[in-house]
Amino acid sequence: KNEVEQSPQNLTAQEGEFITINCSYSVGISALHWLQQHPGGGIVSLFMLSSGKKKHGRLIATINIQEKHSSLHITASHPRDSAVYICAVPPSQGGSEKLVFGKGTKLTVNP
Amino acid sequence: GAGVSQTPSNKVTEKGKYVELRCDPISGHTALYWYRQSLGQGPEFLIYFQGTGAADDSGLPNDRFFAVRPEGSVSTLKIQRTERGDSAVYLCASSSTGGRAFFGPGTRLTVL
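Okay, so let's go over this structure. (Residues numbered from 1 in each chain as written. Chains lettered and ligands numbered in written order. Predicted model: local features only at pLDDT ≥ 70, side-chain atom pairs only at ≥ 80, totals over all residues. Heavy atoms only, no water.)

### Points about the pattern of salt bridges
All names here are of chain B.
Here is step 1: This structure, assessed with the given rule, holds four salt bridges over all chains.
Here is step 2: A salt bridge links arginine 22 to aspartate 24, with the nearest nitrogen and oxygen atoms 2.7 Å apart.
Here is step 3: A relative accessible area of 37% means that arginine 22 is categorised as partly exposed.
Here is step 4: For arginine 64, the salt bridge is made with glutamate 83, and the minimal N-O distance between the two is 3.5 Å. Of this pair, arginine 64 sits in the loop between strand E6 (53–56) and strand E7 (65–68) while glutamate 83 sits in the loop between strand E8 (75–79) and strand E9 (88–95), and the two are 19 residues apart along the sequence.
Here is step 5: On the accessibility criterion, arginine 64 (6% relative accessible area) is buried. (Salt bridge = Lys/Arg side-chain N within 4 Å of Asp/Glu carboxyl O. Buried < 20%, exposed > 50% of the residue type's maximum accessible area, 1.4 Å probe, protein only. Helix = DSSP H or I, 4+ residues; strand = E, 2+ residues; numbered from the N terminus.)

### Some thoughts on the pairing of E9 of chain B
All names here are of chain B.
Here is step 1: E9 sits mainly inside the fold: eight of its eight residues count as buried.
Here is step 2: Burial of the side chains of E9 extends over both faces: Ala88, Tyr90, Cys92 and Ser94 are buried on one face and Val89, Leu91, Ala93 and Ser95 on the other.
Here is step 3: With seven bridges joining them, strand E4 (residues 31–37) and E9 adopt antiparallel strand pairing. Along E9, the bridge assignment pairs tyrosine 35 with leucine 91.
Here is step 4: Across three bridges, the pairing between E9 and strand E11 (residues 107–111) is antiparallel. Counted as the bridge partner of alanine 88 is leucine 109 from E11.
Here is step 5: The sheet contact formed by E9 and strand E10 (residues 102–103) spans two bridges and is antiparallel. Paired with alanine 93 across the two strands is phenylalanine 103, which belongs to E10.
Here is step 6: Counted between consecutive antiparallel strands, the loop separating E9 from E10 contains six residues, among which glycine 98 sits at a positive phi close to 75°. (Pairing = 2+ DSSP bridges.)

Okay, structure coming up:
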């Protein structure tokens, strides 16, 4: 079973700061997901990436397959970025369903 | 374009009652997943459908939980004889084969 570790668990930042959230996993995978969850429970898929880097607006996700590590960066953070950010991976190489989720990183951005 | 929708958004029930939670996936998505998220935890896999059939139901905690997807689109998660420990947010996601999963807003179930 793939084990997913996220750090930090909680993160408080001031508006404008650069944010980094880390995710490590134990079993080689085909792709990794970064998800955003706002209070109330709804989840939004931010990225699915299998190599290199992806960028969407102020969000950047990187993955190092050899190191089994991914990072999510937020540039020029804003209070509306406050949410729980969750990393999720398939249980094994080639599996795309049945995702295994990290416990999430709770981000609070203060004005 | 409609995303994944789930109804109800909130459900409060009494211990021992039966509940049904509904998921409407994105049109054309063949894969549908149910997850359960307890307070302070990441979501945990319950069941995965490919079309009408349950391809993997290994995450269902016990036989009080059952899910169907009779026509390969809408899915219903059914919980019999609810217990307080069933209280959680139940999340549904859908995807095309091998594609990115799109999540619904979740149903928050509270068992009193």
